Every structure is written in structure tokens, then in C-alpha cells.
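Geometric and topological summary
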Amino acid sequence: MPTYRIAIVGAGPAGYFSAQALQNSQDEERTFAIDLFERLPTPWGLVRSGVAPDHPKIKTVAKVFEKIASDSNFRLFGNIELGRDISIEQLKENYDAVILATGSSVGRKLGIPGEELAGSFSSADFVPWYNGHPDYVNVSVPLNGKNAIVIGAGNVAMDCGRMLALDPAELDSTDTADHALTSLHLSSIRNVTIVGRRGPEHAAFTSAEIRELPKLEHTDVLIAQSEIEGAKERVAEELEGNKELRNKLEALLEVSQTPTKNHQRKLAINFLLTPLEIIGKDKVEAIRFARNEVINNKVATTSEIIEMPCDLVISAIGYQVLPIPGVELANGKVVNENGFVTDNLYVVGWAKRGPSGVIGTNKSDSSDVVKLLLAKLPSAAKENSDIAKIITNQQVVTQSGWQKINQAEVEKGEAVGKPRRKLTDWSDLLSLGQE
Ligand code: NAP
């Protein structure tokens, strides 16, 4: 019975779900030995460094990842970077198949003047900062002003807006990185405005995330009821047959009708504004927007210009793939056909389809790609040397090394009533993560 050796690069949801699909495809005729490579000393990808700390339920999927990793034919190689410690060619040579699950970590740019001013950030920097990603610990987010603007109308914009607008006491029992929690407690930001360039009908927020907003205990949420009613009128004919749209607009309408409580902290959502320029001398001071209107379901810019003062700008307008040595990219993704890249190389998750879908979306996506991979697998497995002997980097964090880190973080957290306290320093992580 052949045992096929499969390399997966990237220990986020798409990587784990690919491993799971392979494990579930084992039978009397074939088994799989899976090696999961990860650049960081810690696995779990966006579940660790993307999901907002006030969404602990979403993170429980990590239990599934650990079950997948407990298989005796599974190995984790943390602190192994593609291009630095190992090449795509080496992986392709030494494995029967290679699956790229590297996600998309580069924030898209607005491409407007002023974007590089101090105080203007991408969600690709802000989100890993509050989540304790070791590469983002030193991002210095100025929270000493009063007004923040978040550009984008998707769930990442919602996460960023909520994290800035809620009372940080609501984060005390979460796994928000210590450095971020301290800064958020000292923050003087009180007005946070999320701005979408299209109307509510085209917003990418999901209803569950919208419905959470009134649960913020110390923040007034401001949405103009007239904006939602206007959107409902524009799409009146579609509403009957489009449950998702109906739910989203209902959720927005409910929030717009929720009485405010005169809290100091405000989170507003504005629509139909295209950012034209971030204004400021040495740092951001305001954003100039063009007011838009919807004509025949299409957004058009009017001649009306408005300026909104701000001390901090977060653009949360999507992501693209970080270049991978030896892999062709186009439109921010790895060039692929339904997950097939070339030879015995495949791609899954955001690197394959772009930054869309929730964590669970990766389960079916990875499973489809694994089906394709299995159909193309030759009848005999390769006979090649163990990659562990090829990797010269001595500081590999294995599954048991990671378990030590995990346990240490959970214990530190439990002592203060949190799910974990993340270690955020590379050298601490690496030294703790040795077997
Ligand atoms: P997204 O859902 O694609 O939203 C991106 C937003 O940015 C859109 O509103 C888009 O507007 C806007 N945008 C793009 N370019 C722009 C520009 N130049 N100027 C102004 N606005 C611009 O992406 P995301 O928020 O990064 O989320 C990625 C995926 O992760 C999504 O599938 C999301 O649902 C998921 N996610 C889920 C959760 C959760 O379940 N709680 C949390 C976070 C993320 P247009 O539509 O006009 O292009």
C-alpha cells in the first residue's frame, strides 16, 4: 500500500482543511504522510492573527486543527520559510504533491494622495498588531487623537472599527495582545467612522456582524435610517428572491433604529463616499471624499466633495498574495486552474481564490482541490529522502514544540481570566518551541 508524501505550505485554515481532506481520503489502498510548513513559530494562520479577539467562538475551530495535527502521519515544521529555508523546487521534488496555502497577507492600496502619511495604515498592519503577530508588535498606532476613519465596507473594516470603538474593558477577558490592550486602554479615539464607497445594498458586511453592533456596551452605533431605506427602495424588486441581501438590509435597518445612549464612544457607518485624498502636513488630518449616488444599480460620483477630519486612517479594502519565489501570480492570486498550478503543485484558500469567504469556506474549497490532486496522483508514491534531513535551519518548531508554546500561553491566560496570553517575541517563541 503506497504512502504518499504531501507537503502543505501555510498552517492556516486552508492548510489544515487540506490536511483533513487528505486524511479523510485514506483507505486500504493509500495513506498520506503530511508535512505542514509554516513561516511563523506558531500555526493556525488567521485564526490566531486575523480573527478579532472579541470573536472567541470563531477561534474554537483551532480544536479541529489540533485533532488533524494529532495524526501520527502528520508533522509540523514551524519557522520554515519558503524561499529562505526551502524552495518550491525542493518541495516538488521530494513530495508526491505540494499544496500552497499561504493566504494573502498584503493589504491592497487605495492609491490616493496622502496614503503614506503618518497615521494611515492598512488593516494588514493593524489587525496583526492587535492580535500579537510577532512581525507587527512594533507597529506604532497613534491612538492619541479623537477621530478614526476606517475605509471599506467588509467584515475586516467592521472588525477594525469595532476594535477602535469599543470600550477596551470589553477586551480585558480576551486574547488581545498585551501591547495592543495597553494602547487601547490609553486611546483617546472616540469617533470611529466606517466608510463604504457604494450603498448599503452593496456592502460586504455579513448580517451576523451587523447584528452584533448594538451589543457593544459602551458605544453608540450610528447609521442613517434614510440611507438604508434608500437602499431598500433601490433594490425592492430583488429583495424577495435574495435572502442574504434582505437579511443584511434588515440588520442595518434595525441598527439604524436602535436608540443611542449618549455614550462618548461612537461608531458610525457611512455609505456612498469615495476617498479622493488623505490630507495632512506631517500626519493625517482629514480625508476628502466624493459623494456618490446609485443610478440603475451602478455607483456614480457626484460633484459634491466632503471633508472628514481624522487622526487615524485604517484602509480595510482587501488583500493580495505576498510574492512566492518560483510561483506565478496574477490579480493578487496564484495563477491556477481550480487549484491546479503546475506539475504536482496546487493552491488552496485565499492564495487560490482571493480574499473571500469565512473560515468554513476553506473546508469545501480545500476538499475540492484535494479531489483534483487525488485524481492526478500517480499509482506509485515517490521514493525520496526525508525533508527533515534537507532543512538546515535548526530551529524548527515541531508539533510538540508548538504544544509547549500553546500550553504556556493558555496557562498564562488562565491565571488572569483570559483564554491565552500570546507570546509575541520571535526569540521567546523559538526558544520555548524547541523540543
Ligand atoms: P471584502 O469583504 O472584500 O471587503 C472589502 C471592502 O473594501 C469592500 O466594501 C470594497 O468595496 C472596499 N474597497 C475595495 N477597494 C476600495 C477602494 N479603492 N476604496 C474604497 N473601498 C474599497 O474584504 P475584507 O473585509 O478584507 O474581508 C475578506 C474576507 O474575510 C471576506 O470574505 C470577509 O467576509 C471575511 N471575514 C469574515 C469575518 C467574520 O466572519 N467575522 C471577519 C473578517 C473577515 P466594493 O465592494 O465597492 O469593492
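Now for a quick tour of the structure. (Residues numbered from 1 in each chain as written. Predicted model: local features only at pLDDT ≥ 70, side-chain atom pairs only at ≥ 80, totals over all residues. Heavy atoms only, no water.)

**What about the sheet that holds strand β14 (residues 312-315)?**
Whenever strands of a sheet pair, they do so through backbone hydrogen bonds, lying parallel or antiparallel. Overall, parallel pairing links the six strands, which are arranged β6-β14-β7-β8-β10-β9 in an open sheet. Where the open sheet ends on each side, the last strands, each with one partner, are β6 (120-122) and β9 (219-223). Taken pair by pair, the neighbouring strands of this sheet meet at an average axis angle of 20°, ignoring direction. (Pairing = 2+ DSSP bridges. Helix = DSSP H or I, 4+ residues; strand = E, 2+ residues; numbered from the N terminus. Axes fitted to C-alpha atoms, helices over the stretch in contact; angles between N-to-C directions.)

**Quick notes on helix α7 (residues 155-165)**
Counted residue by residue, α7 has nine buried out of eleven residues, so it is predominantly covered. When we look at burial in α7, the residues that qualify are A157, M158, D159, C160, G161, R162, M163, L164 and A165. (Buried < 20%, exposed > 50% of the residue type's maximum accessible area, 1.4 Å probe, protein only.)

**Here's the deal with unusual backbone geometry**
In the Ramachandran plot, N262 falls in the positive-phi region, its phi being about 60° despite a non-glycine side chain. Assignment of secondary structure puts N262 in the loop between α12 (243-257) and β10 (265-270). When its relative accessible area of 72% is taken as the criterion, N262 is described as exposed. A positive phi angle, near 50°, is found at N296, a position not held by glycine. Mapped onto the elements, N296 comes out in the loop between β12 (286-295) and β13 (298-309).

**Description of the packing of aromatic side chains**
What characterises a pair of aromatic rings is the spacing of the ring centres plus the angle enclosed by the ring planes. What the rule picks out here adds up to eleven aromatic pairs. On the basis of an interplanar angle of 85° and a centroid distance of 5.2 Å, the ring pair of F126 and Y130 is categorised as edge-to-face. Pair noted here: F126 and Y130 are both in helix α6 (residues 123-130), with a separation of four residues, about one helical turn. A connected cluster of aromatic rings, assembled from ring pairs, spans Y16, F17, F65 and F74. Above the face of the Y95 ring, R5 is positioned so that its terminal group lies 5.8 Å from the ring centre. One residue, K376, lies across the ring of F340, its end atom 4.2 Å from the ring centre. (Phe/Tyr/Trp six-rings, centres within 6.5 Å; stacked < 30°, edge-to-face > 60°. Lys NZ or Arg CZ within 6 Å of the ring centre and 35° of its normal.)

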